[in-house]
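# What the coordinates show
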Amino acid sequence: MKKITLLSAALAALALPLSAQWSALGTPANDGGQYWDNVSDDGTFCNSGYVLTGVAGTARTPCNNQRPNSWLPYTGTQPTSYLNNGSGGYTPFLFGAGTYTFSPLAGTGNPGGDIAGYNQDWGYFTFDGSGGRVRTTLNAGLPGTLSLGNWGLYILMTNGTYAYSDAWWPAQSQFALFRLPSTVDFIAGFEDTQTQDQWGPRGDRDYNDVFLAINWEEGGGPQEVVPEPATMTLLATGLAGMAAAGRRRKKNRQ
């Protein structure tokens, strides 16, 4: 009965998706209470919250996969809020057409502040005239200031597939977006392992594998992506499949 109730609640939430909002960053606790605040495979105090609040890399808090080896702890301006779905969970996002500047994080000494230990392809994407995505890699360096149409972020995950910041299905949630006190400066954290699909969570969900500083100089700024009806149907189908699998497992144990 409990599983049916939870499924009904989840389906109701899908039917009325929460509106994206900025919420106070809070103190990292490795408890997953905020979607980016999970225990990291890189080390106990190494998720994106610990990195961006200057904890990761200090005494007794090393990050195992830090790369390069000298840039932590982060010494730049700390974020004050993060983009979420209204209840602390992940929400897909794009940036509107405008002028933006891409910068490395303070003290990183490399293009994006990659500490994952892998050299996965990552960068930003725009759209061609027919709605397809055009990827531009940032592995080799940052382009400075650009005038862009609607755009988002991407990363090639360790499973060999691309994840995009506007994606709802699979519910990959590979990107965390933080806002600095200026309200026009942002830091994006990337996750290079698939963190969730229709069967449940994957990866460590620490969003610390790449960091990119973004200044929104003029234009549309960040915006949430509202799921299409067909996407919502797929999400509901995935949840229903999970519930059915759970009932079968329970029956087999009886």
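Please read all numbers here as calculations on a predicted model, not as lab measurements.

## What to know about the state of the cysteines
Each disulfide consists of a covalent bond between the sulfur atoms of two cysteine residues. Using the criterion set out here, one finds 1 disulfide in the structure. Between the sulfur of cysteine 46 and that of cysteine 63 lies a disulfide, 2.1 Å long from S to S. Between cysteine 46 and cysteine 63, the S-S dihedral sits near -115 degrees, and the bridge is therefore left-handed. With cysteine 46 in the loop between β1 (21–24) and α2 (48–52) and cysteine 63 in the loop between α2 and β2 (81–84), this pair connects stretches of sequence that are 17 residues apart. For the pair cysteine 46 and cysteine 63, a shared accessibility class is recorded, and that class is buried.

## Things to note about the pairing of β2
Across the two faces of β2 the burial is the same, with Ser81 and Leu83 and Tyr82 and Asn84 all buried. Two elements, β1 and β2, share 4 bridges in a ladder whose sense is antiparallel. Note on β2: the bridge partner recorded for glutamine 21 is asparagine 84. Both β2 and strand β10 (residues 175–179) contribute to a ladder of 2 bridges, which runs antiparallel. Looking at the pairing, serine 81 lines up with arginine 179 of β10.

Calculation rules
Residues numbered from 1 in each chain as written. Predicted model: local features only at pLDDT ≥ 70, side-chain atom pairs only at ≥ 80, totals over all residues. Heavy atoms only, no water. Disulfide = S-S within 2.5 Å. Helix = DSSP H or I, 4+ residues; strand = E, 2+ residues; numbered from the N terminus. Buried < 20%, exposed > 50% of the residue type's maximum accessible area, 1.4 Å probe, protein only. Pairing = 2+ DSSP bridges.

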